[in-house]
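Below are the chains, spelled out letter by letter.
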Amino acid sequence: MLKYAFRRILGMIPMLLLTSIIVFSLAKLMPGDSLSGEIDPRNTNPQYIAEMREKLGYNDPMPQQYFRWVSNFIEGDFGKSTRFKIEVADVIGERLPNTILLGLTSILITYLLAFMMGSYAGRKPYTLGDNLIGGINYLGLSIPSFVAGVFAIYFFSFKLGWFPSNGSVDIGVTEGTFNWWLSRLHHVLLPAFVLGFLNIASYTQFLRNDIIENSRKDYVRTARAKGTPESKIYNVHILRNSVIPLITYLGFDIVAIISGAIITETIFTYPGLGQLFLQSVGVRDYPVLLTLTMMFSFLTLFGNLIADILYGVVDPRIRLD
Amino acid sequence: MEIVTQNETNVTHIPQKKSLSPLAIARKKFIKNKLAMTSLIFLALVAIISCLAPYITTADITKINIGEMGLEPSSKHWLGTDKAGRDVFTRLLYGGRISLLVGISCTIFVIFIGTLIGSIAGYFGGTADSLLMRFTDLILNFPFLVFVIVLNAILFGKVSGLWVLIGVISLLYWGGIARIVRSKILAEKENEYIIAAISIGCSPAKIIVKHLLPNVLSTIIVQATITFATMIVVESALSYLGFGVPQEVPSWGNMLNSANEPDVLQYKLWIWVPPALIITLTILSINFIGEGLKDAFNPKSRR
């Protein structure tokens, strides 16, 4: 097992290097550099712009620029944001906790709801409750997250007034107090639910089908024959076998949260990394854009790695070659 | 002599009824599936009405109409007008054209690239396989949405907007299809009929196209439906975020974009609810069709 995990991690390194080269070339290919977005060319001396270009190293050969960027990146120096005029690390650091909170809450809600609905539906298949859950799931699989988000804001924020429709915390609450945390939680619940919407449906369906499949197996029949109470068969014997495969999805959750966060944070104007990413594309804030793209790529790689390794843990038959 | 005559009588006495081909069985099963058929009819209706948009409606959707901004649904404007005074119903039809066009073209390209790479990797194996699959892994390890947005921002303005989007999405999405096709081809090429085809001197291209692909076609068709649904979601999500189809071209996602304004979201329901509903219904019907196809191609299912 350890050998397998180790080999998978080693295989990740060339992938990471290739990705970084591609991300870097993409950023360089973007029309205009960060200077053209910041300076009004009619008011600035063209000679000054040329000087600044030279000074910032935009005229160096590409490989040189790439290596400078990579070595700075590894040292944790991501450059200065051209938009906020402060270190990229600070810009990202300010928003990172929001996205982490959103992601974690979303995963928690997803697994909690999927677990409850899935284990109920799996235990009582083909009943009214199961069909109802199945119907909700079908809708959940078909409603795109941004449509769900818009409807959620309309109903829960505007019509019912249960949740705020934007921001990550109320203005005027002292940071660090209990009320501050409560307010943050209040703001994060609706986006987190929307973010997990699709996954709730697919995990519920997965758990339900797995429980039904397991309930026909020999060990369940044996347990029944021994006179084990039905509740114990479902809550202990079957659930243990059905929940484990669900864990392998954790890796994919990381991947899904990245693209989900871009959409969800924009809908809810939630100040996280996804929103920052879209804004950076809009204003061509290269240092931030590059760092975020690299970060997202790394996280995707990492998520897929975790999924693979968890597969190996759950199913020992899966090995490299 | 005796044996031969016996054989002949056997052949003549048993009436040989030609059994249905797998594809015919699947078709029969699919037609019997009410939900899938309803969905198919709905989808066809949406597609046909959208395609005929210029003949059905006469309203001009390109012109900003100051006198008719944000009107409620009435007999003149069935679904009201948006904030620029354009008829929502007409835009919905034109938007359907764009959204379905992007969805279908992306699906065709994705399936084509995926099948090509997957079948070459699966059939030849060895170096070609490992090279192509490493490349596929690389593509699969990109955060899809992030790269589509970045690439689209780079290419935007250089080439006509719509096809940039289609190209970028297709280039970044084929990885999953390639993997599935490869694994199917790997299993299929172990059969005797492939060895037979090789031994009579068929070229690899002919073996892949004539012998292997027809046998993995059911998988490809099911994957194509799933991809089609995903592509429509991707297009409308990108357009909603403002990084998809150019703003002046109506698409379902672009129309939903106006829900970003609190005023529209709260009080002008007719502007954003129709595109939201039509996107959801389209995805739902494609999903039902996909389920129906999966069921129809599954020899174990009895319906």
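What counts and what doesn't
- All residue numbers here refer to positions counted from 1 along the written sequence of the relevant chain.
- Here the convention is simple: chains get letters from A, ligands get numbers from 1, in the order in which they are written.
- Side-chain atom pairs in this predicted model are given and counted only at pLDDT of 80 or more, local residue features only at pLDDT of at least 70, and totals for whole chains, interfaces and linings cover all residues.
- Hydrogens and water are ignored here; the side-chain numbers use all heavy atoms of the structure.
- Grouping buried Ala, Val, Leu, Ile, Met, Phe, Trp, Tyr and Cys residues that are joined through side-chain atoms within 4.5 Å yields what is termed a nonpolar core.
- Buried means the residue's accessible area, taken with a 1.4 Å probe over protein chains only, is under 20% of the maximum for its type, while exposed means over 50%, and partly exposed covers the values in between.
- Each helix is a run of H or I in the DSSP string that is no shorter than four residues. Each strand is a run of E no shorter than two, and both are numbered from the N terminus.
- Centres within 6.5 Å are what make two rings of Phe, Tyr or Trp a pair, Trp counting through its six-membered ring; a difference in plane orientation under 30 degrees is then read as stacked, over 60 as edge-to-face, and the rest as tilted.
- Each axis is a line fitted through C-alpha atoms, taken for helices only over the stretch in contact, and angles between the N-to-C directions span 0 to 180 degrees.
- Roughly parallel means an angle under 35 degrees; roughly antiparallel means over 145; roughly perpendicular covers 65 to 115; every other angle is labelled oblique.
- Each crossing gets its handedness from the near helix: less than a right angle anticlockwise from the far helix is left-handed, clockwise is right-handed.
- Whether two residues touch is decided by their heavy atoms; if any such pair falls within 4.5 Å, the residues are in contact.
- Each residue receives one of three labels: charged for Asp, Glu, Lys and Arg, nonpolar for Ala, Val, Leu, Ile, Met, Phe, Trp, Tyr, Cys and Pro, and polar for the others, Gly being one of them.
- Two parts placed together each lose some accessible area under a 1.4 Å probe, and adding up what both lose gives the buried area.
- Within 3.5 Å is the distance limit for a polar contact, defined as a pair of N or O atoms, with the added protein rule that one can donate a hydrogen and the other accept it, and that residues adjacent in sequence qualify only through two side-chain atoms.
- pLDDT measures how confident the predictor is about each residue, on a scale from 0 to 100.
- A pocket, in this scheme, is an open set of points on a 1 Å grid over the protein atoms alone with protein on both sides within 12 Å along at least 5 of 7 lines, while a cavity is a set where a 1.4 Å probe fits but cannot get out; residues line either one if an atom lies within 4 Å of a point.
- Grid points are joined across faces, edges and corners, and a volume is the space filled by probe spheres set on the points.
- We define a salt bridge as a contact between a side-chain nitrogen of Lys or Arg and a carboxyl oxygen of Asp or Glu at a distance within 4 Å.
- Patches in this entry comprise residues that are over 30% relatively accessible and not in a salt bridge; like charges within 9 Å are linked, as are nonpolar side chains (Val, Leu, Ile, Met, Phe, Trp, Tyr) within 5 Å.
- Residue-level accessible areas treat just the shown protein chains as cover; the underlying method is Shrake-Rupley with a 1.4 Å probe.
- The charged-residue count follows a simple rule in which Lys and Arg add positive charge and Asp and Glu add negative charge, with His and chain termini not counted at all.
- Just so you know, the charge point we use is NZ for Lys, CZ for Arg, CG for Asp and CD for Glu.
- The length a helix should cover is 1.5 Å for every residue beyond the first.
- Bending is quantified residue by residue as the angle between axes fitted to the seven-residue window ending at that residue and the seven-residue window starting at it.

A.B. asks: I keep staring at the nonpolar core and nothing clicks. Help me out?
C.D. replies: A general trend in soluble globular proteins is that nonpolar side chains are found buried together. Counting 146 residues, the largest nonpolar core has F146(A), F277(A), I149(B), I169(B) and L238(B) as the members making the most contacts within it. By residue number, the principal contributor to this core is helix α11 (residues 204–241) of chain B, which donates 16 residues.

A.B. asks: Hey, could you run me through the packing of aromatic side chains in this one?
C.D. replies: Geometry of an aromatic ring pair is reported as the spacing of the ring centres plus the angle between the planes. Within this structure, the stated rule accounts for 23 aromatic pairs over all chains. Taking 6.4 Å as the distance between ring centres and 15 degrees as the angle between the ring planes, the aromatic pair formed by F151(A) and F155(A) counts as stacked. With F151(A) and F155(A) both in helix α7 (residues 145–159) and four residues apart, this pair spans about one turn of that helix. Classification of F151(A) by relative accessible area gives partly exposed; the value is 23%. Plain terms: the ring middles of F135(B) and W174(B) are 5.8 Å apart, the flat faces sit at 40 degrees to each other, and that makes the pair tilted.

A.B. asks: What is the right way to read the packing of helix α13 (residues 286–314) of chain A against helix α7 (residues 144–155) of chain B from this model?
C.D. replies: When two helices pack together, you describe them by how their axes are tilted relative to each other and by the distance separating the axes. Closest axis-to-axis distance for the α13(A)/α7(B) pair is 10 Å, and the angle between their directions is 150 degrees. Taken together, the axes of α13(A) and α7(B) lie roughly antiparallel to each other. The handedness of the crossing between α13(A) and α7(B) comes out as left-handed. Together, T293(A), F296(A) and S297(A) of α13(A) and V146(B), F147(B) and V150(B) of α7(B) make up the contact between the two elements. Considered class by class, the residues forming the contact of α13(A) with α7(B) number four nonpolar, two polar and no charged.

A.B. asks: Is there a simple way to explain the interface of chain B and chain A in this structure?
C.D. replies: One frequent convention defines the size of an interface as the accessible area lost when the parts assemble. Taken residue by residue, the interface counts 37 residues in chain B and 37 residues in chain A. Contact between chain B and chain A buries roughly 3400 Å² in total, counting both sides, with carbon and sulfur atoms accounting for 82%. Summed over the shared surface of chain B and chain A, the result is two residue pairs in polar contact (both at pLDDT 80 or more). Mapped by element, the contributors of at least two residues to the side of chain B that touches chain A are α6 (126–140), α7, α11, α13 (262–267) and α14 (269–297) of chain B. Considering each element in turn, the side of chain B that touches chain A owes the most residues, 10 residues, to α14(B). Per-class residue counts for the side of chain B that touches chain A are 28 nonpolar, five polar and four charged.

A.B. asks: What's the story with the packing of helix α1 (residues 2–29) of chain A against α13(A) in this structure? I'm lost.
C.D. replies: Residues and elements named next belong to chain A. Between α1 and α13, whose axes approach to 10 Å, the crossing angle comes to 155 degrees. Judged by the angle between their axes, α1 and α13 are roughly antiparallel. Crossing of α1 over α13 shows right-handed handedness. Residues Y4, A5, R8, I9, M12, M15, L16, T19, S20, V23, F24 and A27 of α1 pack against Y286, L290, T293, M294, S297, F298, L301, L305, D308, I309 and G312 of α13.

A.B. asks: I tried to follow the environment of G167(B) on my own but got confused; where do I start?
C.D. replies: Residue and element names in this part refer to chain B. Here G167 lies in helix α8 (residues 161–173). On the basis of relative accessible area, G167 is assigned to the partly exposed category, the value being 27%. Residues G167 and V148 lie 19 residues apart in sequence; the distance between their C-alpha atoms is 9.8 Å.

A.B. asks: Just checking my understanding: could you explain the confidence of the model for chain B for this structure?
C.D. replies: Do not read the fine detail of predicted coordinates wherever pLDDT is low. Of all residues in chain B, 85% have pLDDT values of 70 or greater, and the mean over the chain is 83. Among the prediction metrics, the complex's ipTM stands at 0.82, with pTM recorded as 0.85.

A.B. asks: Hey, could you run me through the side chain of N304(A) in this one?
C.D. replies: Relative to the helices and strands, N304(A) is located in helix α13. A residue is classified by how much of its surface remains accessible, and N304(A), at 16% relative accessible area, is buried. Among the polar contacts made by the side chain of N304(A), one reaches the side chain of N141(B) at a distance of 2.5 Å. Not counting chain neighbours up to four residues away, the residues in contact with N304(A) comprise F252(A), V255(A), L140(B) and N141(B).

A.B. asks: Before we go on, may I ask you to explain empty space enclosed by the protein in this structure?
C.D. replies: Over the atoms, a rolled probe matching the size of one water molecule traces out where space is still vacant. Enumeration over the complete set of coordinates arrives at one cavity of 30 Å³ or more. The volume enclosed by the largest cavity comes to roughly 50 Å³. Forming the boundary of the largest cavity are V23(A), L26(A), A27(A), L289(A), T293(A) and V150(B). Only α1 and α13 of chain A provide two or more residues apiece to the lining of the largest cavity.

A.B. asks: Just to check I follow, could you spell out the pattern of salt bridges for this structure?
C.D. replies: Pairing of side chains with opposite charge becomes possible as their charged atoms draw close. A complete count under the given rule lists eight salt bridges over all chains for this structure. D218(A) is the salt-bridge partner of R221(A), the closest N and O atoms lying 3.9 Å from each other. With a gap of three residues between them, R221(A) and D218(A) both fall in helix α9 (residues 218–226), about one helical turn apart. Three or more residues joined by partner-sharing salt bridges are found here, namely R134(B), D137(B) and R179(B).

A.B. asks: It is not clear to me how a negative patch on the surface should be interpreted in this structure. Could you clarify?
C.D. replies: A surface patch of negative charge is lined by E75(A), D77(A), E87(A), D90(A) and E94(A). Topologically, E94(A) is positioned in helix α5 (residues 88–123).

A.B. asks: Is there a simple way to think about α5(A) in this case?
C.D. replies: For an α-helix, the turn length of 3.6 residues means that residues three or four places apart are oriented alike. Across its 36 residues, α5(A) extends 51 Å between first and last C-alpha, which sits within 8% of the 52 Å expected from 1.5 Å per residue. Of all the bends found along α5(A), the most pronounced is centred on R95(A) and spans about 35 degrees, while P97(A), a proline, follows it within four residues.

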